[in-house]
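Next come the chains, spelled out residue by residue.
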Amino acid sequence: MAWARLTTKTLTSAGTTIATDAFTSNKFNFDMRHSLYTGTSTPRKRVGKTTVDSSGTDTVSGNYATRRSEDGSADSTLTLRNFMDNSAGGSLLSGQSDFTVCYSINISTQEKLFIEWQVNNYGGTGSGTSPFRYERVHKWVNTTDQYDIVQFYNASNFDTDSNYILMGTD
Amino acid sequence: MSFPFLQSYLGLGQGLQTKNAAGGGGVGGWVELGRSTSATPSVASLANKRYYMILSHGILATVYPAYQMRINDDSGSNYSARRWDGASDTLLTNQDKVTSSPAYLGNGSANIGFSVQSWSNLSNKEKLGIHFGVYNDSSGAGTAPRRQKNVEKWANTSSSINKFSWIPDGYGTYTSDSEMIVLGYDPADTHSNNFWTELSSTTLTGSASTINSGTITAKKYLWIQLYAKQASSFSFEGHFNGDTSSNYSARYSGNGGADTTSTFTKFAGNFSGGGEYFLNAFVINVSNKEKLAIVHTSEMNASGAGTAPRRLEWVSKWVNTSSQITSIDFTKEAGMGDLQSGTALRVWGSD
């Protein structure tokens, strides 16, 4: 089956979330997100069936786990969270942006696994500052549903023209 | 293969922003915008797309070629990068080219390098790139391939990308059959075609020792994804053309640890236990050159959100220089558990 676009979302005004409508789930997925920021930002990702899974809290009882490395540093892990970490080591600031590429497997009866990389200009804009890089793997431990909705949320605003696009195939 | 001239019409550009186009509507995946097969690959007149994917391979003509990428012919000091090439990050600022290459190919006469890049492209924002590269270092399974993983930016905030060029950096050169292919994707796209054609789709309906693509059409570029579930005693290995001999060599890192190298009987495998794995790989598949693969995995580790997943970064080569890859299998290693029902292998390719 050929790759096809499952959904895309471009913000037409600034807001604290980038959320898709429900889309037709596929097993194999590839997504890209190019987010622009208006203020101090620590973006996070959630998925779900019809509604995003936000059970638990920021620190306990959630259904997501992450392994991550920033700029080649030793891996750190986050467990039992109610989000998949998508942030920089610190907070992205107004005028900065990030670009994220993610591959994922989405089978209803299995934990969902994600492979993700990100580049951002957290250190500052201009060629005098090197970009930062992030390597992450995530899982969403739901084993009854395929996810059919994706949400990014943020303490501050994603700026107008921030975009998310998801391709999939069975 | 798609038709570059057509994409300009189908892409519509970024001026028309879709608010929320759910459900697919038959819009395809990556489309080819242009290609260059040359000793100095360069693709110009690119349609304006929000995202680009660049597949490049360089073949050594004279020793120590070290090409760098330039965007829109901008030779000012407008680039910076964070380059990892084996040990730690190197920070590069105020560069006149972005510091990535299909490979720093070294001095082996049979050397080849391969890279996969992704770029964001919005005219009023810095352009951000993610780069993974592999090169065979020298031929034979006794020498492990080397790898790069870089992030890059072009600090221009007034123009969209319309050209990518590989620029020789004063050392050796590539052969004229080196290549760069630029794919594009935009939220406003309405195309129904794909650069990547499905070559194989296999899903196990019961337990088995192996999952096999069957015979696939030979393509120069391959994209492989595997979901594997193993019953117990977890370890599996991937092969090309059924070759289970020690004709592979790999460099790999588990959970971000230091690289390890080894001669292997596989082009890919898993890092650790847990029984469920998701693998993504890109492969350059030129008949008379060693085949190079860039592989990443996300592995369940143990079920539940109380245990973080594990990850594996892997580059490998298959030292066959007489055939293209025409089949791919993943097989349990001796004494390990069978692959379970639901294990799924997909292969896409393009020339």
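So, how was this worked out
- Residues numbered from 1 in each chain as written.
- Chains lettered and ligands numbered in written order.
- Predicted model: local features only at pLDDT ≥ 70, side-chain atom pairs only at ≥ 80, totals over all residues.
- Heavy atoms only, no water.
- Helix = DSSP H or I, 4+ residues; strand = E, 2+ residues; numbered from the N terminus.
- Rg over C-alpha atoms; globule rule 2.2 N^0.38 Å.
- Buried < 20%, exposed > 50% of the residue type's maximum accessible area, 1.4 Å probe, protein only.
- Contact = heavy atoms within 4.5 Å.
- Areas by Shrake-Rupley, 256 points an atom, 1.4 Å probe, with all protein chains shown as cover.
- Lys, Arg positive; Asp, Glu negative; His and termini not counted.
- Charge placed at Lys NZ, Arg CZ, Asp CG, Glu CD.
- Buried area = accessible area lost by both parts, 1.4 Å probe.
- Salt bridge = Lys/Arg side-chain N within 4 Å of Asp/Glu carboxyl O.
- Polar contact = N/O pair within 3.5 Å; in protein donor to acceptor, adjacent residues only side chain to side chain.
- 1 Å grid on protein atoms, 1.4 Å probe; cavity = no way out; pocket = protein on both sides within 12 Å on 5 of 7 lines; lining within 4 Å.
- Points joined across faces, edges and corners; volume = space filled by probe spheres on them.
- Nonpolar A, V, L, I, M, F, W, Y, C, P; charged D, E, K, R; others polar.
- Domains from an automatic or database assignment.
- Pairing = 2+ DSSP bridges.
- Axes fitted to C-alpha atoms, helices over the stretch in contact; angles between N-to-C directions.

A. Structural context of the overall build of chain A. When helices and strands are tallied, chain A shows 0 helices and 13 strands. Going from N to C terminus, chain A has its helices and strands arranged as β-β-β-β-β-β-β-β-β-β-β-β-β. In terms of overall size, chain A behaves like a compact globule, its C-alpha atoms giving a radius of gyration of 15 Å where 170 residues would be expected to give roughly 15 Å. Taken along the three principal axes of its C-alpha coordinates, chain A extends 45 × 35 × 30 Å. Buried positions account for 65% of the 170 residues belonging to chain A. Sequence-distant contacts in chain A: of pairs separated by 6 or more residues, those separated by 24 or more amount to 74%. Accessible surface computed for chain A: about 4,800 Å², of which carbon and sulfur atoms make up 46%. Charge separation in chain A, taken as the distance between the mean sites of 15 positive and 17 negative side-chain charges, equals 3 Å.

B. Structural view of the interface of chain A and chain B. Taken together, the contacts link 76 residues of chain A with 79 residues of chain B. Between chain A and chain B, a total of about 6,300 Å² is buried, with carbon and sulfur atoms accounting for 58% of that surface. On the chain A side of the interface with chain B, the three residues burying the most area are Trp3(A), Arg5(A) and Ser127(A), jointly 12% of the side's total. Inspection of the chain A/chain B interface yields 5 salt bridges. As a salt-bridge pair, Asp89(B) and Arg133(A) come within 2.7 Å of each other at their nearest N and O atoms. Counting every contact that joins chain A to chain B gives 39 residue pairs in polar contact (both at pLDDT 80 or more).

C. Representation of the environment of Asn193(B) within the structure. Along the chain, Asn193(B) turns up in the loop between strand E12 (179-185) and strand E13 (197-203). C-alpha separation for the pair Asn193(B) and Gly28(B), spaced 165 residues apart in sequence, amounts to 5.3 Å.

D. Summary view of the layout of surface pockets. Within this model, the second largest pocket holds a volume of roughly 160 Å³. Of all the secondary-structure elements, those providing two or more residues to the lining of the second largest pocket are strand E11 (132-140) of chain A together with strand E9 (146-154) and strand E22 (310-318) of chain B. Broken down by class, the residue content of the lining of the second largest pocket amounts to 3 nonpolar, 8 polar and 9 charged. The residues that make up the lining of the second largest pocket include at least three from each of domain 1 (13-185) and domain 2 (197-350) of chain B.

E. Fine view of the pattern of salt bridges. Within this structure, the stated rule accounts for 34 salt bridges over all chains. Across the pair Lys149(B) and Glu313(B) runs a salt bridge whose closest N-O atoms are separated by 2.5 Å. Remark: Glu313(B) occurs in strand E22 and Lys149(B) occurs in strand E9; sequence separation between them is 164 residues. Comparing Lys149(B) with Glu313(B) shows no difference in burial state: the two are buried. Between Glu313(B) and Arg311(B) there is a salt bridge; the shortest N-O distance is 3.2 Å. Of the two residues, Glu313(B) and Arg311(B), neither departs from the other in class, the shared state being buried. Each of Arg67(A), Asp71(A), Asp75(A), Arg133(A), Glu135(A), Arg82(B), Asp89(B), Arg147(B), Lys149(B), Asp259(B), Arg311(B) and Glu313(B) takes part in salt bridges that share partners, so that together they form one network.

F. Region of interest: the domain arrangement of chain B. Residues and elements named next belong to chain B. By the assigned domains, chain B splits into domain 1 (13-185) and domain 2 (197-350). Taking only C-alpha atoms into account, the centre of domain 1 sits 25 Å from that of domain 2. Contact with domain 1, which involves 28 residues of that partner, is made by 27 residues of domain 2. Among the residues domain 1 hides against domain 2, the three largest losses belong to Phe114, Ala141 and Arg147. Together they make up 28% of the total. Run the count over domain 1 and domain 2 and you get 4 salt bridges. The partner of Arg147 in a salt bridge is Asp259, and the shortest N-O contact between them spans 2.7 Å.

G. Layout of the sheet that holds strand E4 (residues 68-71) of chain B. Residue and element names in this part refer to chain B. Spatial ordering of the open sheet is given by E2-E10-E4, a layout of 3 strands whose pairing is antiparallel. Sheet topology places strand E2 (42-43) and E4 at the edges, where each strand pairs with a single neighbour. In this structure, E4 lies alongside strand E10 (residues 164-167), joined through 4 bridges in antiparallel fashion. When the bridges of E10 are listed, Arg70 appears paired with Ser165.

H. Looking closely at the sheet that holds strand E1 (residues 4-10) of chain A. Residue and element names in this part refer to chain A. Taken together, the 8 strands give an open sheet; going across it, the order is E1-E13-E3-E9-E10-E11-E6-E7, and neighbouring strands pair in antiparallel fashion. In the strand order of this sheet, the two ends are held by E1 and strand E7 (76-81), each with one partner. Each neighbouring strand pair of the sheet contributes to a mean axis angle of 15°, computed without reference to strand direction.

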